[in-house]
Every structure is written in structure tokens, then in C-alpha cells.
Amino acid sequence: TIIDFEITYCNEEAAFEFDYTQVEITGGRVATLAHGDDATKTALHQQLLQAFESTENLEFTYYNAHLKKYFCTKRFRVEGGVLSVSKNVTAEVRERAEREQQETLSNLILNSSLNAWFTANAVLNKDGQLEDFVITRINPAFTRIVGLDEEAVVGKHYLKLFPSSREHGVYD
């Protein structure tokens, strides 16, 4: 059984991302790396072992609590060892989490409103002028007040559903 992996090469950028120098990390062993808690070291060892025993190229995204960073790492078995290529994805993970949080808040507001709401994407003509909207979402109050359910509205053109809107100035 494999009990540890020795780091035989690390480029300068990778060493920097993991808060080491190349000299500190090269020749070191995964189990004795100073940075990282036991859970992180165990996860790293398991990932390396899985890549070593697999014929597949593997990809992992994980959080390093010591560095407070997220990494996406691709691991490949090569010449009796494992090649790891890591990318710091902290910004992307945080942006995605923020978008999800904003979407959750928007959903809460939209779905709990007593007023009928819908969201739509603009439809522009070839000259870039606004021609119509395509409805992308409605709230429960919309169905209750307008009398049209999601299936009848979402993905449809606003002016086809409500043609009198242009005549009554609602569309302007």
C-alpha cells in the first residue's frame, strides 16, 4: 500500500499559490506538509492515490482552510507517479456563491410579493431597437392576478400575450 507521495517537482507559481518556496516543497512529502490541516492532507492523499490507481484523468475542486483558497486540480498518472495541475479558483467560487445568494434573495422577494411580477429579456431588431420582450419568469401572484400559468407565459413574447399593451401605452 502507498502511505505517502513525494513531491519531485513544483514550479514557482504553484509553490507561491500554496505558500511555499520551490526549495521548501520539492522533496517534501504530502503527509508532512506544514500547511494544511489533517483533513486537507488526507483529502490530498486520497486524491493522489485515486489518480495513481486510475487510468482516467481526474479533476477535483477543494478548499484549503489554511490558505483560505479554493483549488481546481487535475491529476494524471505519469511514470510511476501523479502529475497535478492546480488552479486557484477562489474568485470563481466566491462569485458563483454570491450569484447563488443573490438569486436566492431575488427568488424570495419575487415569490413572496403580493404583486404580479415577471422578468424578461429584450428582443432587439436588426438596428438594435427594442422590438419586444421574451418572458423568462413569473411569480405566483402573476398567475393568480393575470390568470396565466408559467407554461402559458415563460418563453413567450410579451406583445403576443398582451397585444393591447402597445395601444394602451403600457409598452412605451
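Predicted model only: the values in this text are computed from it and were never measured.

(A) Quick peek at the layout of surface pockets. Of the pockets and cavities examined, the largest pocket occupies roughly 930 Å³. Lining the largest pocket are 36 residues, with Ile7, Tyr9, Cys10, Arg75 and Ser84 sitting closest to its centre. Mapped by element, the contributors of at least two residues to the lining of the largest pocket are α1 (12-17), α3 (38-53), β1 (58-64), β2 (69-78) and β3 (81-88). It is β3 that contributes the most residues to the lining of the largest pocket, eight residues altogether.

(B) View of the nonpolar core. If you look at the biggest cluster of nonpolar residues, it comprises 16 residues, and the most contacted ones within it are Phe5, Phe18, Tyr20, Ile25 and Leu33. Examining the composition of this core, we find that four residues originate from one element, α3, more than from any other. The contacts of Ile25, once residues within four sequence positions are left out, are Ile7, Cys10, Ala15, Tyr20 and Leu33. Core analysis: the second largest hydrophobic core is formed by six residues, Ile138, Val153, Tyr158 and Leu159 among them.

(C) Expanded view of the confidence of the model for the protein. For the protein, per-residue confidence averages 90 on the pLDDT scale, and 97% of positions sit at 70 or higher. Confidence, expressed as mean pLDDT per element, reaches its minimum in the protein at α1 with 84 and its maximum at helix α6 (residues 150-153) with 96.

(D) Quick look at the pattern of salt bridges. Scanning all chains against the criterion turns up two salt bridges. Between Glu59 and Lys74 there is a salt bridge, with the nearest N and O atoms lying 3.9 Å from each other. With a gap of 15 residues between them, Glu59 in strand β1 and Lys74 in strand β2 connect regions that are remote in the sequence. Residue classification places Lys74 among the partly exposed positions, given a relative accessible area of 40%. With a closest N to O distance of 3.9 Å, Glu92 and Lys87 form a salt bridge. Judged by its relative accessible area of 35%, Glu92 is partly exposed.

Criteria and thresholds
Residues numbered from 1 in each chain as written. Predicted model: local features only at pLDDT ≥ 70, side-chain atom pairs only at ≥ 80, totals over all residues. Heavy atoms only, no water. 1 Å grid on protein atoms, 1.4 Å probe; cavity = no way out; pocket = protein on both sides within 12 Å on 5 of 7 lines; lining within 4 Å. Points joined across faces, edges and corners; volume = space filled by probe spheres on them. Helix = DSSP H or I, 4+ residues; strand = E, 2+ residues; numbered from the N terminus. Core = buried A, V, L, I, M, F, W, Y, C linked by side-chain atoms within 4.5 Å. Buried < 20%, exposed > 50% of the residue type's maximum accessible area, 1.4 Å probe, protein only. Contact = heavy atoms within 4.5 Å. pLDDT = per-residue confidence, 0-100. Salt bridge = Lys/Arg side-chain N within 4 Å of Asp/Glu carboxyl O.

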